[in-house]
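Each chain is listed here by its residues.
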Amino acid sequence: MKNRAGSFLWNLRQFSTLVPTGRTVRLYPSGFCRPKIVYSNWNLFQSYLSNFDNRMQSSIRYLFQDALIFKSGGDGFQTKGISTATVLTVDRLLCPRRLSFNSEHFVSDNGLKKNFHHEPFNEDVLTKRTKPTPINCRKLSQECNSLSDVLDIFSKAPTFPSSNYFSAMWTIAKRMSDDQKRFEKQLMFNHPAFSQLCEQIMREAKIMHYDNLLFSLHAMVKLGIPQNTLLVQTLLRVVQERINECDETCLSVLSTILEAMEPCKNVDVLRAGLRMLVDQQVWKIERVFTLQTVMKCIGKDAPIGLKRKLEMKALKELDQFSVLNSQHMFAVLAAMNHCSTVLLNECSKIVTSNIHGCPFKILISILQSCRDLQYVNIDLFKGIADYVATTFDMWKLKKVLFLLILFENFGFRPVSLMDLFMKKAADEPGILNVKSLVSILHVYSSLNHFHKCWTHEFLEVMASALTGSLHHISSENLLNAVCSFCLMNHFPLAPINQLLQKDIIHDLLTSGDVERNVHKLHVLAACLKLEAPCHKDTHLVLPQLPPTPLHPHAKVAEVLSSLLGEGCFSNSVWLPHNYYIDFEIRMDANRSQVLPFSDVDAVTSATNIQRVAVLCVPRSTYCLDSTHPRGFLAMKMRHLKVMGFHVILAITCPVNTALLCLWENFLHLIPVVSMCFPLLTAHVYTLSIQRDLLKPRIPSCHLPA
């Protein structure tokens, strides 16, 4: 009997050395377990039996490496109000994504599953310590008034996932002004719990749900956490590793994040992964908003095949486009640098038909996108201009000016809107600063816009405002303003006299965009010589302009030869003040016949000769969808008239050979001797030369290039 008892005790000791020691741990609110030593007042015998019992349980727990196992009963597991549980060290972190635990069941000592119910007396304690209530992001943002409040709550009782704290801070920051936001961010970075929050979210990055991970990264980027920090770069790497978990919502959030971040190695790799993912899942995208967000993010350097695939998807979903979707599509296509004329035309129709109530910011964005895409839609431009003109009193003058600047980029001249703006600017000149003044003059001179009643008053008010700003205006702004006045045939004395000072001329010729300044100074010199009586004696010593490339118009020369005969015109003629005309025709004073250049010397007086200048100009020298010449062309026509020329404009446009032959066959029917040229139309290509050269109306010819 003694031998059996001794053998049992010896085996018991050997067993105790082989079995790993169990540990009692506390369940922290964050969901992680840390070892905790439980002290008690048991005697040695009780301790020995308890230790034996715990070691036996540990041997069983070795069979469940990936399970969280609770011991039944309360003895030894609840000490001084602290909730404890016996667990085994596992190879992987315990997380909601990989582990689903039912608190109503447990694994008993014999491995069987039994029902488990909390006792009434310790239910609150267990709920508080083992199951901390997750903090909702929306509720947290409503309860807190500052970023520091959120961090204070985190420091008291951190919960999983930590992304809720960052999302709540970004929601709160969006409600603040710029100054307050800057101050709160500084307090956030200096808060003692901020570094703890960053460390915890890096630990949780691989185990939290993918959407929470993206929301937290989005909040970090928006809160201004530097992109080169370990926190942001770590989350970027984890997002890369788990990118296959993206659903449609995650695609939208990830696209927004990448759009807001600067290029770096991790961002570039993630963007490439997003492109591959979008290429595979583009036809599965259901929401138009997600589609537009992805299109805006993929970048201008995305493969053209992917761009066209996204375009086809957008065309397929066109019936689901709301007014807001149509308004945003312009900026989306501009962001990916892809001009889809069909898609833009359809969106333009929706925007134009729902233009009333459209925010001014959206109108500006649409025009900026059209400019970037080089997309022109006359109906869209007219719809925007008419809407702003109708609601003119609602908008600030500077906003309307910005709209006019964008219209000027297209060469579009909204007559009614410009008339209203001209009257408003003349009535309230005090609200305009130097920059606005220069921009107004540029727009009106470039589009060559005049009003029969308000133009003179408008120019005088603008000149007076410019004179009052001469003490602080820069040399380049002064040059731009004076050149705009010259284009409109207006010459204010004080600004011109200051511009002609030697130090300002020297500054313009040695700094800034010198080539552009030299060109404008030549324009100024020509205007002063030809149109300003009080400055005719002004002489500016300027460097020569670079040689202008000549574009001979062989087809136009053939047409003139068939009309007038050989030797009756001259081509590529250079005139004073660096003016160039494509063809020159000379006629007698009665305009009854064309004079060959060999017979011009026989004419006794130059007053008996009428010189005709034929200018071959592109369509861009006219305002969009009109025959109204723009500023520089109008100025050149005025100067040529001062030099004794009658001007005929030939608008060059490409035609095919068949139409050209048809057009030339019609021209042979025109009587040459009487110089009576009727209007001739060949499909959309026309030739219109003035029947009576004495009429003041400016004729225009549509000739092939």
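Residues numbered from 1 in each chain as written. Predicted model: local features only at pLDDT ≥ 70, side-chain atom pairs only at ≥ 80, totals over all residues. Heavy atoms only, no water.

Summing up its helical and strand segments, the protein chain has 29 helices and 13 strands in all. The burial tally for the protein chain puts 47% of its 705 residues in the buried class. Taking as baseline every contact in the protein chain between residues at least 6 positions apart, the subset at least 24 positions apart corresponds to 71%. On the protein chain, roughly 37,300 Å² of surface is accessible, and the fraction owed to carbon and sulfur atoms is 55%. (Helix = DSSP H or I, 4+ residues; strand = E, 2+ residues; numbered from the N terminus. Buried < 20%, exposed > 50% of the residue type's maximum accessible area, 1.4 Å probe, protein only. Contact = heavy atoms within 4.5 Å. Areas by Shrake-Rupley, 256 points an atom, 1.4 Å probe, with all protein chains shown as cover.)

To continue, consider the packing of aromatic side chains. Under the definition given, this model contains 13 aromatic pairs. On the basis of an interplanar angle of 25° and a centroid distance of 6.4 Å, the ring pair of Phe421 and Tyr444 is categorised as stacked. Within this pair, whereas Phe421 is found in helix H20 (residues 415-427), its partner Tyr444 is found in helix H21 (residues 434-446), the two being separated by 23 residues in sequence. We note that Phe421, like Tyr444, is buried. An aromatic cluster is present here, built from Phe381, Phe407, Phe410 and Phe412 joined pairwise through their rings. Taking the ring centre of Tyr622 as reference, the NZ or CZ of Arg619 above it sits at 5.8 Å. (Phe/Tyr/Trp six-rings, centres within 6.5 Å; stacked < 30°, edge-to-face > 60°. Lys NZ or Arg CZ within 6 Å of the ring centre and 35° of its normal.)

Spanning 13 residues, helix H7 (residues 178-190) covers 19 Å between terminal C-alpha atoms, matching the ideal 18 Å at 1.5 Å per step. Three or more residues of H7 are buried, namely Lys181, Glu184, Lys185 and Met188. Taken around the axis of H7, the buried residues stretch over an arc of 105°, which confines them to a single face. Facing away from the buried surface of H7 by more than 90 degrees, the exposed residues are Asp179, Arg182, Phe183 and Asn190. For H7, the elements touching its buried residues are helix H5 (147-156), helix H6 (163-174), helix H8 (192-204) and helix H9 (210-223). (Expected span 1.5 Å × (residues − 1). Arc of directions from axis to C-beta.)

Moving on, we get to the environment of Ile585. Within the secondary structure, Ile585 is located in strand S8 (residues 579-588). The class for Ile585 is buried, based on a relative accessible area of 6%. Excluding anything up to four places from it in sequence, Ile585 contacts Leu564, Cys568, Phe569, Val594, Gln610, Arg611, Val612 and Val614.

Moving on, we come to the side chain of Thr290. Examined against the element boundaries, Thr290 turns out to sit in helix H13 (residues 288-297). Beyond its immediate chain neighbours, meaning those up to four positions away, Thr290 contacts Glu248, Ser252 and Ile285.

Time to look at the nonpolar core. Most often, soluble globular proteins keep nonpolar side chains buried together rather than apart. The biggest cluster of nonpolar side chains holds 171 residues, and the ones touching the most others in it are Phe166, Val388, Phe407, Phe421, Tyr444 and Met462. Beyond its immediate sequence surroundings of up to four residues, Met462 is in contact with Ala425, Leu432, Leu437, Ile440, Leu441 and Phe485. In terms of nonpolar packing, the next biggest core, distinct from the first, is built from 17 residues, Val559, Cys568, Phe583 and Met587 among them. (Core = buried A, V, L, I, M, F, W, Y, C linked by side-chain atoms within 4.5 Å.)

For H20, with 13 residues, the first-to-last C-alpha span of 19 Å sits near the 18 Å given by 1.5 Å per residue. Three or more residues of H20 are buried, namely Leu417, Met418, Asp419, Phe421, Met422, Ala425 and Ala426. If you follow the buried residues of H20, they end up packed against helix H18 (378-390), helix H19 (397-410), H21 and helix H22 (455-468).

With that settled, the discussion passes to the pairing of strand S9 (residues 609-617). With 8 of 9 residues buried, S9 is to be regarded as a mostly interior element. Inspection of the sheet shows S8 paired to S9 by 6 bridges, in the antiparallel sense. If you follow Met587 over to S9, its bridge partner there is Gln610. (Pairing = 2+ DSSP bridges.)

As a further point, take the side chain of Asn325. Looking at the element boundaries, Asn325 is found in helix H15 (residues 323-335). Among the polar contacts made by the side chain of Asn325, one reaches the side chain of Ser322 at a distance of 2.9 Å. Excluding residues that lie within four positions of it along the chain, Asn325 makes contacts with Val288, Gln292 and Gln320. (Polar contact = N/O pair within 3.5 Å; in protein donor to acceptor, adjacent residues only side chain to side chain.)

Per-residue pLDDT for the protein chain has a mean of 76; in total, 72% of the residues score no lower than 70. When the criterion is pLDDT under 50, residues 15-131 qualifies, and its contacts beyond four places in sequence or with other chains add up to 134 contacts. Per-residue pLDDT stays below 50 along residues 655-705; that stretch engages in 100 contacts with residues further than four places along the chain or on separate chains. (pLDDT = per-residue confidence, 0-100.)

Looking now at the pairing of strand S7 (residues 569-575). Here S7 runs beside S8; their pairing, made up of 6 bridges, is antiparallel. Residue pairing for S8: Ser570 is matched across the bridge by Glu584. Turn length for the S7-S8 hairpin, with the two strands adjacent in sequence and antiparallel, is 3 residues, and the turn residue His577 shows positive phi of about 65°.

A full pass over the atoms with the stated rule returns 16 salt bridges. Residue Glu248 pairs with Arg287 through a salt bridge whose shortest N-O separation is 3.2 Å. In this pair, Glu248 is assigned in helix H11 (residues 248-260) and Arg287 in the loop between helix H12 (265-281) and H13, connecting sequence segments 39 residues apart. Of the residues examined, Glu248 reaches a relative accessible area of 18% and is grouped as buried. A salt bridge links Glu317 to Lys313; the shortest N-O distance between them is 3.0 Å. Judged by relative accessible area, Glu317 falls into the buried class, the value being 10%. (Salt bridge = Lys/Arg side-chain N within 4 Å of Asp/Glu carboxyl O.)

When you line up the elements, Val239 lands in helix H10 (residues 230-241). Between the alpha carbons of Val239 and Leu214 there is a distance of 7.5 Å; along the sequence they are 25 residues apart.

What follows covers unusual backbone geometry. Cis geometry marks the peptide bond from Phe160 to Pro161, where omega comes out at 0°. With phi around 55°, Asn448 is a residue other than glycine that occupies positive phi space. Within the element layout of this structure, Asn448 appears in the loop between H21 and H22. Not every positive phi belongs to a glycine, and His577 is a case in point at roughly 65°. Looking at the element boundaries, His577 is found in the loop between S7 and S8.

This next bit is on the environment of Val238. Counting through the fold element by element, Val238 comes out in helix H10. Val238 sits in the buried class, given a relative accessible area of 4%. The spatial distance from the C-alpha of Val238 to the C-alpha of Lys206 is 6.6 Å, given a sequence separation of 32 residues.

When two helices pack together, their arrangement is given by the angle between their axes and by how far apart the axes lie. The N-to-C vectors of H10 and H12 enclose an angle of 20°; their axes lie 10 Å apart at closest approach. If you check the angle between H10 and H12, you find them roughly parallel. Like other packed secondary-structure pairs, H10 and H12 cross with a definite hand, here left-handed. Contacts between H10 and H12 involve Gln233, Leu236, Arg237, Val239 and Gln240 from the first element and Asn266, Val267, Val269 and Leu270 from the second. Grouping the constituent residues of the contact of H10 with H12 by class yields 5 nonpolar, 3 polar and 1 charged. (Axes fitted to C-alpha atoms, helices over the stretch in contact; angles between N-to-C directions. Parallel < 35°, antiparallel > 145°, perpendicular 65-115°, else oblique. Left-handed = near helix turned anticlockwise from the far one by under 90°. Nonpolar A, V, L, I, M, F, W, Y, C, P; charged D, E, K, R; others polar.)

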